[in-house]
Number of protein chains: 2
Amino acid sequence: MPNFIVTPWEVSGEIDYDKIIQEFGIEPIDDKLISRIKEITSEIHPFLTRKIFFAHRDLNWILDEYQKGNPFYLYTGRGPSGDIHLGHIMPWIFTKWLQDKFNVELWFQLTDDEKFLFNQSLSLEDAYKYSYDNALDIIALGFDPKNTFIFSDIDLAGTLYRNALKIAKKITFSTIKATFGLNNSANIGQIFYTSIQTVPAIIKSLIEGRNVPCIIPHAVDQDPHFRLSRDVLPKLGYYKPASIQCMFLPSLQQGGKMSASMKHTAIFTKDTPDIVKKKVNNAFTGGQASAKIQRELGGNPSICSVYKYHFMFFTLDNDEIKIIHSRCTGGDLLCGECKNNLIQKINKFLLKHQEQREKAKDIIENYLLKEKVDLKSIIKEKMEKSN
Amino acid sequence: MPNFIVTPWEVSGEIDYDKIIQEFGIEPIDDKLISRIKEITSEIHPFLTRKIFFAHRDLNWILDEYQKGNPFYLYTGRGPSGDIHLGHIMPWIFTKWLQDKFNVELWFQLTDDEKFLFNQSLSLEDAYKYSYDNALDIIALGFDPKNTFIFSDIDLAGTLYRNALKIAKKITFSTIKATFGLNNSANIGQIFYTSIQTVPAIIKSLIEGRNVPCIIPHAVDQDPHFRLSRDVLPKLGYYKPASIQCMFLPSLQQGGKMSASMKHTAIFTKDTPDIVKKKVNNAFTGGQASAKIQRELGGNPSICSVYKYHFMFFTLDNDEIKIIHSRCTGGDLLCGECKNNLIQKINKFLLKHQEQREKAKDIIENYLLKEKVDLKSIIKEKMEKSN
């Protein structure tokens, strides 16, 4: 048994991504594929060269179709159960890069229904509120409003349920048990839910009345949903959705991913500079017991959460990260300086993000899709006819 | 084991309604309750005195609230998987009587999603078409358009899914197994579906923002759904829905209910006079081997499908049904005459029904509730904002 768990509803332990590639049956992103992307995009994102986006399904097919003049659209999502932290933001930054480089549409699903169904203490009303709150963080990243469609499942419930029916008819409970590990004590909304998460993978095909390729950038824990989508959708005459999958930004403590439920181990987009400073200063590092020993022996970046934050998010310049690495291992860079460097970078990022997040409140309507379902007005209209 | 099956998806065998009362835990409708209804309605419907509507849940509570000035609404439904036959019509006639006598609203659900999920060979598009086709038969019965709200689940999918979520969160797969006998090979839409069928039992409470009593007239096979509704809704702060439950109009052959899948044993509302004549003439009766023996020994109405059609639908006058019974058992009424009498009554009913059904095409919009969800126009509106 591996000493980690990665499901759409639980991620814990020391994750072995090579093992995940084997178990999930996903393809690693190799240098050849990175070169192929670079031919199209000219530049290449460090999240690819650093193998943070490390695996995919059918990415070559997506590029084939693109080069044949049949462009894809992007679909990604967020489970709105609380505030946004940097671990959420990371794949969205890459998604924006894809949108910009390929000039394609992004469909962004806020799965308030899922979060309500899987979180015993979360009300539907609160999940729905988080959808709108979290949308501000998405918009703050600068997605092109003309190419970006953000929707909460509750707001698009009619479209989703109607189209989920055909998907649901093709999935048995046995399959759900095998894919997600749900058992007989699962609630029936949880059991049905995956069919809702599959609909956005065909939404452009539904709208256009022809098959449109779809690629889903997502953290690797969501792969089981899309494995099912890929199994079912061809039976309904649609393309399999492709995917490009990333690792988790780790916790500031030892082991595990950054988690909203462990507030002191995660940096939230609403955190003040002081809070960021405190959290990073308390972070688990690869430093030695004293400055003296560290100067002699050097630090260990391979286990250091502060180094991982530099590497995975805040120090994307290759020369700069090499210097951090060699100064650390050489004993020249002590943890205090390295942390201060990270704190400044995080706070610079958050300052801008928080400004953009405020501005997002004024432009959120430019992004949102919402079915206008007001039962009272439907009834009123019907009553006028029948009188 | 009983030699009959009654579930929402299968009804077969010789149904023992006393056993159903025991097994389902429903209350028989006794003479005291009938008298109580008559005090309010002045007249009493033969479907009650003849115990065709034979059982209920919480009907006394519904009448208590009504008499306290807190009126109920009616909720019933139809699974649109084909043409309407007389067995479907029977409970709707009684539902109309309740609407007229109590002057209350009726919410009529067309469960096209259910029929699609449970019928392997039915497409969603065809189930949806049957919703509109079947609505014509409902409207033909003369329901008051000002008090009647007919909707297909597909047309009201957003409202239903959003509100089904809270219900679904309270129901486990274990409960579904125990209540409906579904197993691991059930599709996940089937497993989820009952939560959709519960929403209309609270729809008036949702609209009015206060608890409104609801009573569901239905054939007894639907009781498992509403047993679950009654279990879950109080946990969400709603009333338990009450119910008033009827028997099935039998098949024209020996045993079983009138079934749309056995076309020669059921009278459809679209049948021509000639077809009706042929079907009734081929019906299973309680007659003797020859006219001579029948004149000597009399017939047996207790096993006769023709007599049951008189008793349950077409000869509701008490004096007249007594004469049929005594002339039959006395050997004076032969099957030919009795069948001709029934044929004339059925054809008279259908002639009027078919006329009203044609007229219903012009007024269907006075009854229908429909969410106006046109994704393309939602997108267009959003695009105008983002440009």
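Residues numbered from 1 in each chain as written. Chains lettered and ligands numbered in written order. Predicted model: local features only at pLDDT ≥ 70, side-chain atom pairs only at ≥ 80, totals over all residues.

We now examine the overall build of chain A. For chain A, the helix and strand inventory stands at 18 helices and nine strands. Principal-axis analysis of the C-alpha atoms gives chain A an extent of 85 × 45 × 45 Å. Across the 387 residues of chain A, 48% fall into the buried class. Expressed as a percentage of contacts within chain A between residues at least 6 apart in sequence, the contacts between residues at least 24 apart total 75%. (Helix = DSSP H or I, 4+ residues; strand = E, 2+ residues; numbered from the N terminus. Buried ≥ 20, exposed ≤ 12 C-beta atoms within 10 Å, placed from the backbone. Contact = placed C-beta atoms within 7 Å.)

The next point concerns the domain arrangement of chain A. Residue and element names in this part refer to chain A. Once the domains are mapped, chain A shows domain 1 (4–246) and domain 2 (263–365). On a C-alpha basis, the centroid separation for the pair domain 1 and domain 2 is 28 Å. For the side of domain 1 that touches domain 2, the elements supplying multiple residues, two or more each, are α5 (86–102) and α7 (124–140). Of the residues forming the side of domain 1 that touches domain 2, the biggest block, five residues, is contributed by α7. Here the side of domain 1 that touches domain 2 is built from residues that sort into 11 nonpolar, two polar and three charged. (Domains from an automatic or database assignment. Nonpolar A, V, L, I, M, F, W, Y, C, P; charged D, E, K, R; others polar.)

To continue, consider the packing of helix α7 (residues 124–140) of chain B against helix α17 (residues 335–363) of chain B. Residue and element names in this part refer to chain B. Two elements in contact, α7 and α17, have axes whose closest approach is 8 Å; the angle formed by their N-to-C orientations is 115°. Classified by the angle between their axes, α7 and α17 sit roughly perpendicular to one another. The element α7 and its partner α17 pack so that their crossing is right-handed. Contact residues: Leu136, Asp137, Ile139 and Ala140 in α7; His353, Gln356, Arg357, Ala360, Lys361 and Ile363 in α17. When its residues are assigned to classes, the contact of α7 with α17 shows five nonpolar, two polar and three charged. (Axes fitted to C-alpha atoms, helices over the stretch in contact; angles between N-to-C directions. Parallel < 35°, antiparallel > 145°, perpendicular 65-115°, else oblique. Left-handed = near helix turned anticlockwise from the far one by under 90°.)

What follows is about the interface of chain B and chain A. Contact with chain B, which involves 45 residues of that partner, is made by 46 residues of chain A. Taken together, the elements giving at least two residues each to the side of chain B that touches chain A come down to α6 (112–118), α8 (157–168), α9 (173–180), α10 (188–198) and α18 (375–386) of chain B. Top contributing element to the side of chain B that touches chain A by residue count: α8(B), with eight residues. Within the side of chain B that touches chain A, the residues separate by chemical class into 22 nonpolar, 12 polar and 11 charged.

Moving on, we get to the relation of the copies chain B and chain A. Once turned by 180° and shifted 0.0 Å along the axis, chain B lies on chain A with an RMSD of 0.1 Å. With respect to symmetry, the two chain copies, as superposed, fit the operation of a two-fold axis. Judged by C-alpha distance, B:Gly158 is the residue of chain B that lies nearest the rotation axis, at 1.8 Å. Residue by residue, 100% of the interface of chain B is reproduced at the interface of chain A, so both copies engage with the same surface. (Least-squares fit on C-alpha atoms with pLDDT ≥ 70 in both.)

The next point concerns the sheet that holds strand β7 (residues 148–152) of chain A. All names here are of chain A. In space, the seven strands of this open sheet follow the order β3-β4-β9-β8-β5-β6-β7, with mixed pairing throughout. Bordering the open sheet on either side are β3 (27–28) and β7, each of which pairs with just one other strand. Judged from the five bridges that link them, strand β6 (residues 106–110) and β7 form a sheet pairing that is parallel. Residue pairing across strands places Leu106 opposite Thr148, the latter belonging to β7. (Pairing = 2+ DSSP bridges.)

Most of helix α12 (residues 223–232) of chain A sits out of view: seven of its 10 residues are buried. Taken residue by residue, α12(A) has A:Asp223, A:Pro224, A:His225, A:Phe226, A:Leu228, A:Ser229 and A:Val232 as its buried positions.

All names here are of chain B. An order of β3-β4-β9-β8-β5-β6-β7 is seen for the seven strands of this open sheet, with the pairing classed as mixed. Looking at strand neighbours, the two that pair on one side only are β3 (27–28) and β7 (148–152), the edges of this open sheet. As judged from the two bridges shared by strand β5 (residues 73–78) and strand β8 (residues 214–219), these two strands associate in the parallel manner. What sits directly across from Tyr73, in β8, is Cys214.

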